[in-house]
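As a plain string of letters, each chain reads:
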Amino acid sequence: MDHFLYRDGVMHAEDVPLTLIAEAVGTPTYVYSTATIERHARVFKEALADVESGPDGPLVAYAVKANPNAAVLATLARLGLGADVVSGGELVRARRAGIAAEKIIFSGVGKTADEMALALREGIGQFNLESEEEAETLSAVATSLGMEARVAFRINPDVDAGTHAKISTGKSENKFGIPYAGAIAAYARAAERPGVRVQGIAVHIGSQLTDLTPLEAAFGRIGALIAELRAAGHAIATADLGGGLGVPYDPSQPAPPPPALYGAMVAKATKGWNARLIFEPGRVIIGNAGVLLTRVIRVKPGAANPFVIVDAAMNDLMRPALYDAWHDIRAIVPRGPRVAANVVGPVCETGDTFAMGRAMDRVEAGDLVAFMTAGAYAATMASTYNSRPLTPEIVVNGADWSVVRPRQSLEQLIGEERLPNWLQGD
Ligand SMILES: *Cc1c(COP(=O)(O)O)cnc(C)c1O
């Protein structure tokens, strides 16, 4: 469910016509809906109402990498969400948005010693370690600061998430986590290290999951490991079940399981664990809370179908080029008939193609178009390839709207560059 609906023949974000935003800030531009963000955060929390999670209830730590915009984070902070961060930059963003350090989880295979020190000084809730080598470094950093890091090991359960290979993370050949078979030994060695206190276990098998079966299998393995670890004397107080729940991109495909079904599966799979559960949803919170608004530059004849050339490109929305991702494409003011068209951006790469032979609203030069479900892994992956300035971001709230990141100017894009001294003067 989202709040991008047609009213009087014009697509609105909540109560704001997208035509108005395009006139005011130009295109391309990202537009996010506050009501949609809030709804998804609420639905996800409600879906966990029946899970056993100790006196504090579950911690929902939003995966910042899905969309790190300051306004998005501040919206979620007000709803009480924590944050799952994967870099020092994301950690600073989460803290500035008002997310309590205690509610921050630090994930990722390549945390540097500097990032660890930053996170320790901030007092984050948990480091999810992905190797014994990382435990060794964290132990050294914490000891040198006279501090103690609370840690969990991320386990690689060797489960195929059944999603796109580039966003699958839980197979033994993936770079993530420590091998399931090596877990007992890793915990035993970590327990000996100064400066780290082992408090939990973590798993995250991939993103855009459309079937709960692999998650259930992974959680089953984690449950068995918790029992083994406790039998070996380790106190496992937290169990972080990661993120990964998919969102509907293509309305003609079956929808992924809704949060309520996910919550029911979790309640069953984790019964009797006696641990505080942590969740790291990203896409399911923000995915369909955003659209990329773009304008048709021109329509050019093609061999089979016309090419609709829009002013957004792969540098603004990389998912189709990177993962063959499918985004619904809709006219902001539909003219009526639907046609087959190829939708492409201006970048000089054949990969800069959003759709081929797509059945969509017929559009002409100057028309506005939206790429739907562009809230997650979209603006955050943008680059300036082809010297195209970064796209602005707008947040709508009812009839109100605000530019929360202005369009980058050409001067900001180019002006930072310097010539070496041998090229200066003449
Ligand atoms: C990316 C990521 C998430 C979020 O995944 P979604 O599919 O967006 O829910 C959660 N945890 C970790 C460790 C991640 O890397």
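Residues numbered from 1 in each chain as written. Predicted model: local features only at pLDDT ≥ 70, side-chain atom pairs only at ≥ 80, totals over all residues. Heavy atoms only, no water.

K.L.:
Please set out the pattern of salt bridges residue by residue, giving values where relevant.
P.N.:
On inspection of all chains with the given rule, the structure shows 19 salt bridges. Among the ionic pairs, D316 bridges to R388, the shortest N-O distance being 2.7 Å. Of the two residues, D316 sits in the loop between β15 (307-310) and α11 (319-323) while R388 sits in the loop between β19 (368-371) and β20 (393-397), which places them 72 residues apart along the sequence. D316 gets classed as buried once you look at its relative accessible area, which sits at 1%. The class of R388 is buried, set by a relative accessible area of 15%. (Salt bridge = Lys/Arg side-chain N within 4 Å of Asp/Glu carboxyl O. Helix = DSSP H or I, 4+ residues; strand = E, 2+ residues; numbered from the N terminus. Buried < 20%, exposed > 50% of the residue type's maximum accessible area, 1.4 Å probe, protein only.)

K.L.:
Outline the sheet that holds strand β1 (residues 4-7), supporting the account with residue identities and numerical values.
P.N.:
Across the sheet, 3 strands lie side by side as β1-β2-β3; this open sheet has antiparallel pairing. On the outer flanks of this sheet lie β1 and β3 (16-17), each paired with one strand and no other. For β1 and strand β2 (residues 10-13), the ladder comprises 4 bridges, and the chain directions are antiparallel. From the neighbouring strand, F4 faces β2, where its bridge partner is A13. (Pairing = 2+ DSSP bridges.)

K.L.:
Mind laying out the site of the ligand, listing which residues take part and the relevant values?
P.N.:
In the vicinity of the ligand, 14 residues are found, and the nearest of them are K65, S207, E280, R283 and Y377. The contact in question runs from a nitrogen atom of the ligand to an N or O atom on the side chain of D84, over 3.3 Å. One nitrogen or oxygen atom from the main chain of G282 is found 2.9 Å from an oxygen atom belonging to the ligand. Contact with the protein chains covers 93% of the free accessible surface of the ligand, which is 390 Å². Of all the cavities here, the one that holds the ligand is the largest pocket. Here the shell around the ligand is built from residues that sort into 3 nonpolar, 6 polar and 5 charged. (Near = heavy atom within 4 Å. Polar contact = N/O pair within 3.5 Å; in protein donor to acceptor, adjacent residues only side chain to side chain. Areas by Shrake-Rupley, 256 points an atom, 1.4 Å probe, with all protein chains shown as cover. 1 Å grid on protein atoms, 1.4 Å probe; cavity = no way out; pocket = protein on both sides within 12 Å on 5 of 7 lines; lining within 4 Å. Sits in = over half its atoms within 2 Å of the grid points. Nonpolar A, V, L, I, M, F, W, Y, C, P; charged D, E, K, R; others polar.)

K.L.:
Quick one: what's the story with the domain arrangement of the chain, residue by residue and with numbers?
P.N.:
The assigned domain composition of the chain is domain 1 (4-32 + 287-414) and domain 2 (34-282). For domain 1 and domain 2, the distance between their C-alpha centres works out to 32 Å. Every contact between the two is made by 23 residues of domain 1 and, on the other side, 21 residues of domain 2. A combined buried area of about 1900 Å² lies between domain 1 and domain 2, and 54% of that area is made up of carbon and sulfur atoms. The largest per-residue losses of area from domain 1 upon contact with domain 2 belong to Y323, W326 and Y377, which jointly make up 29% of the total buried on that side. At the boundary of domain 1 with domain 2, the tally comes to 9 residue pairs in polar contact (both at pLDDT 80 or more). A per-element tally of the side of domain 1 that touches domain 2 places β20 first, with 4 residues. The residue inventory of the side of domain 1 that touches domain 2, partitioned by class, reads 11 nonpolar, 6 polar and 6 charged. (Domains from an automatic or database assignment. Contact = heavy atoms within 4.5 Å. Buried area = accessible area lost by both parts, 1.4 Å probe.)

K.L.:
So what's going on with the nonpolar core? Residues and values would help.
P.N.:
If you look at the biggest cluster of nonpolar residues, it comprises 102 residues, and the most contacted ones within it are Y62, F127, I155, I201, F219 and Y262. Counting residues domain by domain, this core receives three or more from each of domain 1 (4-32 + 287-414) and domain 2 (34-282). In contact with Y262, other than residues within four places in its own chain, are F44, L212, L215, F219, L241, G242, L245 and F279. Within the second largest apolar cluster, 18 residues are counted, among which are F4, A13, I21 and V396. (Core = buried A, V, L, I, M, F, W, Y, C linked by side-chain atoms within 4.5 Å.)

K.L.:
Give a description of the packing of helix α2 (residues 34-47) against helix α9 (residues 259-269) that names residues and reports values.
P.N.:
In the contact formed by α2 and α9, the axes pass within 8 Å of each other and the chain directions differ by 30 degrees. With respect to their mutual orientation, α2 and α9 come out roughly parallel. Where α2 crosses over α9, the handedness of that crossing is right-handed. Packed against α2, whose contacting residues are V43, F44 and A47, the element α9 presents P259, A260, Y262 and G263 at the interface. Residue composition of the contact of α2 with α9, by class: 6 nonpolar, 1 polar and no charged. (Axes fitted to C-alpha atoms, helices over the stretch in contact; angles between N-to-C directions. Parallel < 35°, antiparallel > 145°, perpendicular 65-115°, else oblique. Left-handed = near helix turned anticlockwise from the far one by under 90°.)

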